[in-house]
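# Descriptive structure summary
The lines below spell out each chain.
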Amino acid sequence: MDDALVRAGRALRLALLIALALLFLVPFYLLLRNGLSTEQDITSPEWTFFPSGLRWGNVRELFDDSSVPFARSLLNSALIAVATTLGTLVLASLAGYGLARIPYRHADKVFYAILGTLMVPAAVTFVPSFVLVSSLGWISTLRGLIVPTLFSAFACFVFRQYFLGFPRELEDAAQVDGLGYWRTYWLVVVPNARPVFAAVGTIVFIGAWNAFLWPLVIGQDQSAWTVQVALSSFTTAQVVRLHELFVAAAVSILPLLAVFLCFQRWIVAGVERSGID
């Protein structure tokens, strides 16, 4: 009787997981199905699981569309996301390590001030940031899109909390060998903190890749468009190009899937150790 209940419980959990997995995959199915369909198939009242003929030429049409430089937008988004991620990891980890380990009587005050910035709505700093970037002549440049977003108070908080629990024995051994704070950080702390770097880096990368409002305002020239701005151009007041919109959305999520698949092991470990919800 007990074995039967255990097997029934396992079967129920398995069925629930399969149902949730299928529900999770529905948006990806819609992207693929509509991206490889015609406008008539997408808007037809008679729904089919897949159209009779998959239009793989929609992908070529997307990149051949002269009105939307989608390939350039992909490159811009990749450069911005990678640069923002690397810059944020370096600055936030250094700040977090300094606040956690370097003796300074005002360290807590600095930390609370950083946390206070998380309570300030982004709309409050948006206009001053735009005025500053404009005065520097960085409109429609990668510098204007990257530099203002390099530091993250959230990432600083995560690193500081993680480094507070980092084994002091490793750092003490490094100091006995004559290493200072900088070399201890670079040679001892960073190699042993790869999971939290992967977790924070993935969050920052996804945020930078999906950013829309700041790139929309700063990237006024088509040469500075990002993927999200390019996607918005397929839906205007005059025309809605649904098949290009869906295939572009499908292409735009591939880098995010690749990042997750490459770093998923470290991401899970980093979330467990840093306490990210």
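How each quantity is defined
Residues numbered from 1 in each chain as written. Predicted model: local features only at pLDDT ≥ 70, side-chain atom pairs only at ≥ 80, totals over all residues. Heavy atoms only, no water. Phe/Tyr/Trp six-rings, centres within 6.5 Å; stacked < 30°, edge-to-face > 60°. Buried < 20%, exposed > 50% of the residue type's maximum accessible area, 1.4 Å probe, protein only. Helix = DSSP H or I, 4+ residues; strand = E, 2+ residues; numbered from the N terminus. Polar contact = N/O pair within 3.5 Å; in protein donor to acceptor, adjacent residues only side chain to side chain. Contact = heavy atoms within 4.5 Å. Core = buried A, V, L, I, M, F, W, Y, C linked by side-chain atoms within 4.5 Å. Domains from an automatic or database assignment. Buried area = accessible area lost by both parts, 1.4 Å probe. Salt bridge = Lys/Arg side-chain N within 4 Å of Asp/Glu carboxyl O. UniProt positions renumbered as here; feature names shortened; annotations may be inferred. Expected span 1.5 Å × (residues − 1).

Time to look at the packing of aromatic side chains. In this structure the tally under the stated criterion is 17 aromatic pairs. Seen in terms of ring centroids, Phe63 and Phe70 are 5.8 Å apart; in terms of plane orientation they differ by 70 degrees. Their pairing is edge-to-face.

Attention now goes to helix α14 (residues 242-252). Given 3.6 residues to a turn, an α-helix orients residues that are three or four positions apart in the same direction. For α14, the buried fraction is high: eight of the 11 residues fall into the buried class. The complete set of buried residues in α14 reads Leu242, His243, Glu244, Val247, Ala248, Ala249, Val251 and Ser252.

Right, let's talk about the side chain of Ser37 for a bit. Tracing the sequence through the fold places Ser37 in the loop between α1 (2-35) and α2 (39-43). A polar atom in the side chain of Ser37 sits 2.4 Å from the backbone oxygen of Arg33. Here Ser37 is in contact with Ile42, Pro51, Arg55, Asn58 and His243, once residues within four sequence places are set aside.

Ranked by internal contacts, the top residues of the largest apolar core, which has 24 residues, are Phe159, Phe163, Val196, Phe197 and Val200. Counting residues per element, the ones that place at least two in this core are α4 (70-101), α5 (107-117), α8 (153-164), α10 (181-192) and α11 (194-210). No other element matches α8, which puts seven residues into this core. If you look at the next biggest cluster of nonpolar residues, it comprises 21 residues, including Leu231, Phe234, Val247 and Val259.

Let us now look at the domain arrangement of the chain. Often, the extent of an interface is quoted as the loss of accessible area on bringing the components together. In terms of domain boundaries, the chain breaks down into domain 1 (2-61) and domain 2 (67-274). Counting residues at the interface gives 12 residues for domain 1, matched by 11 residues for domain 2. Both faces considered, domain 1 and domain 2 share a buried interface measuring about 960 Å² in area, 71% of it formed by carbon and sulfur atoms. A per-residue breakdown of the area domain 1 buries against domain 2 is headed by Leu31, Glu39 and Glu61, which together make up 48% of the total. Counting the contacts that link domain 1 with domain 2 gives zero salt bridges.

Moving on, we get to the UniProt feature "transmembrane region" (unreviewed entry) in the chain. Under the UniProt annotation, "transmembrane region" (unreviewed entry) lies at residues 12-32, 78-99, 111-139, 145-164, 185-209 and 245-263. Note that residues 78-99 is 100% helix and 0% strand, and that its end C-alpha atoms are spaced 31 Å apart. Taken end to end, residues 185-209 comprises 96% helix and 0% strand; its first and last C-alpha atoms sit 29 Å apart.

Let us now look at the pattern of salt bridges. Under the counting rule described, the total for this entry stands at four salt bridges. The closest approach of N and O atoms between Asp65 and Arg241, which form a salt bridge, is 2.6 Å. On the criterion of sequence distance, the pair formed by Asp65 in the loop between α3 (57-64) and α4 and Arg241 in the loop between α13 (227-232) and α14 is long-range, its members being 176 residues apart. When its relative accessible area of 19% is taken as the criterion, Arg241 is described as buried. The residue Arg241 makes a salt bridge to Glu244 at a minimum N-O spacing of 3.8 Å. Residues joined in a network through salt bridges with shared partners are Asp65, Arg241 and Glu244.

Assignment of secondary structure puts Leu23 in helix α1. Expressed as a C-alpha distance, the spacing of Leu23 and Gln161, which sit 138 residues apart in the sequence, is 35 Å.

Turning next to α11. With 17 residues, α11 extends 24 Å between its outermost C-alpha atoms, agreeing within 8% with the 24 Å of an ideal straight helix rising 1.5 Å per residue. α11 sits mainly inside the fold: 12 of its 17 residues count as buried. Residues of α11 that are buried: Pro195, Val196, Phe197, Ala198, Ala199, Val200, Gly201, Thr202, Val204, Phe205, Ala208 and Trp209.

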